[in-house]
Each structure stands twice: as C-alpha cells, then as structure tokens.
Amino acid sequence: PLIDLVTGQVTGSEALVRWKHPELGMIQPGRFIPLAEETGLILPLGEHVLRNACEQTRTWQQKYCKSLSVSVNLSARQFLQQDLTFLISKALEDSLLQPALLELEITESLGMKNPELTLKTLNELKAMGIRISIDDFGTGYSSLSYLKKFPIDTIKIDRSFVSDIHHDSNDAAIVLAIIALAHSLGLKVIAEGVEMKEQADYLKHHGCEKVQGFLYSQPLPASEFEKKFLDI
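If you're wondering where the values come from, they're calculated on a predicted model, not measured in any experiment. Throughout this description, residue numbers start from 1 for each chain and increase along the sequence as written. Local features are withheld for residues below a pLDDT of 70 in this predicted model, meaning they are given only at 70 or higher, and side-chain atom pairs are given and counted only at 80 or more; totals for whole chains, interfaces and linings count all residues. Water and hydrogen atoms play no part in the side-chain values, which are based on all heavy atoms of the structure.

## Remarks on the side chain of Thr121
Move 1: Only DSSP runs of H or I covering at least 4 residues are called helices, and only runs of E covering at least 2 are called strands; the numbering of each starts at the N terminus. Considering the arrangement of structural elements, one finds Thr121 in helix H6 (residues 115-127).
Move 2: To sort residues, take the accessible area from a 1.4 Å probe on protein chains only and compare it with the maximum for the residue type: under 20% means buried, over 50% means exposed, and anything in between is partly exposed. A residue is classified by how much of its surface remains accessible, and Thr121, at 7% relative accessible area, is buried.
Move 3: The contacts of Thr121, once residues within four sequence positions are left out, are Phe79 and Leu84. By the convention used here, residues are in contact when the closest approach between their heavy atoms is within 4.5 Å.

Here it is as structure tokens:
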C-alpha cells in the first residue's frame, strides 16, 4: 500500500511479483528476476504484471468508488523494448484505467544507460498521461542533470536511508536533502521501507508526501490487500 502522510489514507499500491513454486515454496524476486532478465522471460512476465496491475486497480476503483493509483516497476530489458509504449497503451485501453493513475518506476542506472532513448521513451509515456518515478534514488549511478532533463514526477527515497533516520545523522541529512531537491524541482517524494511510527512522523514533519513499508503492511496478495485496506 501507498500511504498519504497527511490524511493517513491508502491512495494506491505498488504491484510486486512473487513466485509460489509447487515444490520450493515462495521464491523471492531477488532469485528469479535476474534469471528472467538473462533469459528474456522478463518481457512476458513484465507484461503480465502490468496488465494484471491495471486490471486489478480498475476493478477496485469500480467496486469501491475510489481513485486508486498503481505503481509498476520497469526492468532494464523491458525499457528497451521497441513496442513498450504500445504494450502499456494496450494495457490501459483494455483495463479502462486512466493513464494518470499508472505510475511507472525506473531506476537511476536504467535511466543513464542510454539517456537519449530514455528521454524519448519517457516523453512518449508522459504524452499518454502516465506518471514517472525514479526508484531507489541515491543508491545507483546518480546524475542530477537527468532530474532536469527527464519528465519525472516522483522521487522514491531508498529504504537504506530511511531505516536509521533517527540514529544516523548522515542518513537524516541525505533524506532532507532529497526532499528539498525534489520539492525545488516541483517533484513529489515517496519514502520506502518505513517500519516505525517515528520514521513516518519525521518524514511527515519534513514534507515527504507519501510512504510505504512494513509499518503499514508487508506485501499482500490482491485479495488480502482488498480486505485489509479497501473493504472497510
């Protein structure tokens, strides 16, 4: 769930993928995503996640009359697909989800691998009305110039900076700097990995708009997400 710090309400979700193997049990993405990238299976897998995320979010909107958003991560291999914008447009069209309620997440390193292609693709997605966020900000290859050049809406503060925000002055300084930088550029901020109320209060006090993390919920199947956050 994605939590608005001002209202305390769930405003949307981030779509995650898990693999429940019949013999090995639940396999975490850190084990199978690299293999999917290597074999090319990340392309059909990524499309499956995108389509399901759009369809589920639209179903919730109709059922609960709430304008919920959904965030979907794009891998490096997905981002290089020539028909990426078509696939995303088709997923939105088939699900009837408003483009403004879909946020696509890319990493810093992905954005800098081929800046010209990145800019072209992001401009196409923005023209469709889709929102763009930079995930795990500050942990990869950072170039502040892309924040000015790329049509970005949101910066996501990595959990590694949030976990010790009350005990490590360096982490606190980095978080405050990211929030200040984002706001000066007209961008929104989401903090990941919030596990304690003190962290949420600190982030709220310093102007972070939204958060996600175990303080609110661990990742849940859609049916459990609905019962816990929507069916109330």
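Still more to cover.
## Some thoughts on the nonpolar core
Move 1: What we call a nonpolar core is a set of buried Ala, Val, Leu, Ile, Met, Phe, Trp, Tyr and Cys residues that are connected through their side-chain atoms within 4.5 Å. With 57 residues, the main nonpolar core has Val72, Ile88, Leu102, Leu104, Ile157 and Leu203 as its most contacted residues.
Move 2: Broken down by element, the residue count for this core peaks at six residues, all from helix H2 (residues 42-64).
Move 3: Excluding anything up to four places from it in sequence, Leu104 contacts Leu50, Val72, Leu74, Ile88, Leu125, Ile130, Arg131, Ile132 and Ser133.

## Description of the packing of H2 against helix H11 (residues 222-230)
Move 1: Helix axes are fitted only over the stretch in contact, all axes being lines through C-alpha atoms; the angle between N-to-C directions runs from 0 to 180 degrees. Packing of H2 against H11 brings their axes to within 12 Å, and their N-to-C directions diverge by 35 degrees. Crossing handedness for the pair H2 and H11: right-handed. Residues Gln56, Trp60, Lys63 and Tyr64 of H2 touch H11, and the partners they reach there are Ala222, Phe225, Glu226 and Leu230.
Move 2: Residues are grouped as follows: Ala, Val, Leu, Ile, Met, Phe, Trp, Tyr, Cys and Pro are nonpolar; Asp, Glu, Lys and Arg are charged; all remaining types, including Gly, are polar. For the contact of H2 with H11, the class distribution of residues is five nonpolar, one polar and two charged. Definitions for this section: a left-handed crossing has its near helix turned counterclockwise from the far helix by less than a right angle. A right-handed crossing has that turn clockwise.

## What about the sheet that holds strand E2 (residues 10-15)?
Move 1: By this definition, two strands are paired if DSSP reports at least two bridges between them. Ordered in space as E1-E2-E5-E6-E7-E8-E9-E10, the eight strands form a closed barrel in which the pairing is mixed.
Move 2: Relative to strand E7 (residues 131-137), strand E6 (residues 102-107) runs parallel, the two being bridged by five bridges. Within E7, the position partnered with Thr107 by the bridge is Asp135.
Move 3: Sitting on the sheet, H2 touches E2, strand E5 (69-73) and E6, and the angle it makes with E5 is about 170 degrees.

## Considering the pairing of strand E8 (residues 154-157)
Move 1: Residues Thr154 and Lys156 line one face of E8 and the alternating positions Ile155 and Ile157 line the opposite face, and both faces are buried.
Move 2: Across three bridges, the pairing between E7 and E8 is parallel. In the sheet register, Ile134 faces E8, and the bridge partner there is Ile155.
Move 3: Pairing of E8 with strand E9 (residues 188-191), which is carried by four bridges, proceeds in the parallel orientation. Looking at the pairing, Thr154 lines up with Lys188 of E9.

## Here we look at the side chain of Ser217
Move 1: Locating Ser217 in the fold gives a position in the loop between strand E10 (210-211) and H11.
Move 2: Look past the residues within four positions of Ser217 in its chain and what remains in contact with it is Pro1, Lys228 and Phe229.

## A short note on the pattern of salt bridges
Move 1: Salt bridge, as applied in this entry: a Lys or Arg side-chain nitrogen positioned within 4 Å of an Asp or Glu carboxyl oxygen. Counted according to the given criterion, the structure contains 10 salt bridges.
Move 2: For Lys156, the salt bridge identified is with Glu105, shortest N-O distance 2.9 Å. Here Glu105 lies in strand E6 and Lys156 lies in strand E8, a separation of 51 residues in the sequence. Summarising the burial analysis for this pair, Lys156 and Glu105 share the class buried.
Move 3: In this structure, Lys156 engages Glu192 in a salt bridge whose closest nitrogen and oxygen atoms are separated by 3.4 Å. Of this pair, Lys156 sits in strand E8 while Glu192 sits in the loop between E9 and helix H10 (197-205), placing them 36 residues apart in sequence. Glu192 shares its class with Lys156; the two are buried.
Move 4: Where salt bridges share partners, they join Glu14, Glu105, Lys156 and Glu192 into one cluster.

## Topic: helix H9 (residues 169-184)
Move 1: To estimate how far a helix should reach, multiply one less than its number of residues by 1.5 Å. Helix length check: H9, at 16 residues, gives a terminal C-alpha distance of 22 Å against a target of 22 Å (1.5 Å per residue), a fit within 8%.
Move 2: Listing the buried residues of H9 in full gives Asp171, Ala172, Val175, Ile178, Ile179 and Ala182. Buried residues of H9, seen end-on, are gathered within an arc of 130 degrees and therefore sit on one face of the element. Projecting away from the buried face of H9 at angles above 90 degrees are the exposed residues Ser169, Asn170 and Ser184.
Move 3: Along its buried surface, H9 packs onto E7, E8, helix H8 (159-162), E9 and H10.
Move 4: The residue sitting at the N-terminus of H9 and contributing the capping side-chain oxygen is Asp168; that oxygen lies 2.8 Å from the backbone nitrogen of Asn170.
Move 5: Two residues or fewer after H9 comes Gly186, characterised by a positive phi angle close to 80 degrees. As used here, the arc is the angular range of directions from the helix axis to the C-beta atoms. Counted as a polar contact is a pair of N or O atoms within 3.5 Å, where, for protein atoms, one must be capable of donating a hydrogen and the other of accepting one, and residues adjacent in sequence contribute only when both atoms are in side chains.

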